[in-house]
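# Structure at a glance
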Amino acid sequence: MLRLFLFLAISFCVSEAYSQSPVYLNFRTKDYLKVTKKNPSAVPNKKEALDFLKNLQLEAIKKGYLGASVDSLSYQQDTLSVSFNTGKRYSYLQLNTSKETIDFIKKNSHLSEKILTKSSVNPTELSRLL
């Protein structure tokens, strides 16, 4: 009986989180305009809204806003209020790392040799790694 109740509760929460009701996006800040000119006033559902915000963040990083983030989300009825901030724009990135750190990263990640050396990397190259 307890398993059935848990299954029904989880099913309800998941279906509620990804319902097919349209979601209206309300940006509290105008930083998103640095990244894209399109502001979808509505998306089909909550999942599409979250996907849009994730893609917006990745696009901001690609354009050099390495600190881009969704700082807060507030959902009321059918409106998702978003605080999106880009931060400072950078034209290159350079990591200063020790030899031991570079060896560890080479063994345990997919970062390229260019990033691991002290060569400069532009934001577009960095966004491909994320």
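Our structure is the block above this text.
Described in the following lines is the structure provided in the data block.

This part is about the overall build of the protein chain. Looking only at helices and strands, the protein chain features five helices and four strands. Shown N-terminal to C-terminal, the secondary structure of the protein chain runs as helices and strands in the order α-β-β-α-β-β-α-α-α. By the burial criterion, 27% of the 130 residues in the protein chain qualify as buried. Long-range contacts, defined here as pairs at least 24 residues apart, represent 56% of the contacts in the protein chain between residues at least 6 apart. Total accessible area on the protein chain stands at roughly 9,100 Å², and carbon and sulfur atoms take up 57% of it.

With that settled, consider the environment of L93. Looking at where L93 falls in the secondary structure, it is placed in the loop between strand 4 (79-85) and helix 3 (99-108). Classification of L93 as partly exposed rests on a relative accessible area of 24%. In the structure, L93 is positioned 30 residues away from P123 in sequence and 7.2 Å away in space, judged by C-alpha atoms.

Core analysis: the biggest nonpolar cluster contains 16 residues, and L25, F27, L56, L80, V82 and F84 have the highest contact counts within it. Counting residues per element, the ones that place at least two in this core are strand 1 (23-27), helix 2 (46-62) and strand 4. Apart from the residues within four sequence positions on either side, L56 is in contact with F27, Y32, V35, T36 and F84.

This brings us to the pattern of salt bridges. Taken as a whole and assessed by the stated rule, the structure comprises two salt bridges. As a salt-bridge pair, D31 and K34 come within 3.8 Å of each other at their nearest N and O atoms. Owing to a relative accessible area of 42%, K34 belongs among the partly exposed residues under this scheme.

Next up on the list: the sheet that holds strand 1. Ordered in space as 2-1-4-3, the four strands form an open sheet in which the pairing is mixed. Strand pairing shows two members of the sheet lacking a second neighbour, strand 2 (42-43) and strand 3 (69-76), which therefore form its edges. Pairing of strand 1 with strand 4 involves four bridges; the strand directions are parallel. Following the sheet pairing, L25 is matched in strand 4 by L80. Packing of helix 2 onto the sheet brings it into contact with strand 1, strand 2, strand 3 and strand 4, and relative to strand 1 it is tilted by some 35°.

The rules we used
- Along every chain, residues carry numbers that run from 1 in the direction the sequence is written.
- For a predicted model such as this one, the threshold for reporting local features is a pLDDT of at least 70, and the threshold for listing and counting side-chain atom pairs is 80 or more; totals across whole chains, interfaces and linings nevertheless cover every residue.
- To obtain the side-chain values, all non-hydrogen atoms of the structure were used and water was disregarded.
- The secondary structure listing takes helices from DSSP runs of H or I that are at least 4 residues long and strands from runs of E that are at least 2 residues long, numbered from the N terminus.
- Burial classes: relative accessible area under 20% of the type maximum marks a residue as buried, over 50% as exposed, and values in between as partly exposed (1.4 Å probe, protein chains only).
- Contacts: residue pairs with any heavy atoms within 4.5 Å of one another.
- Surface exposure here means Shrake-Rupley accessible area, sampled with a 1.4 Å probe, where a residue is shielded only by the protein chains that are shown.
- Side-chain atoms within 4.5 Å link the members of a nonpolar core, which is a set of buried Ala, Val, Leu, Ile, Met, Phe, Trp, Tyr and Cys residues.
- By definition, a salt bridge exists where a carboxyl oxygen of Asp or Glu is found within 4 Å of a side-chain nitrogen of Lys or Arg.
- When DSSP finds two or more bridges between a pair of strands, those strands are recorded as paired.
- Here the axes come from fitting lines to C-alpha atoms, over the contacting stretch only for helices, and the angles between their N-to-C directions go from 0 to 180 degrees.

It is worth stressing that arrangement in space is one thing and function is another; only the former is reported here.
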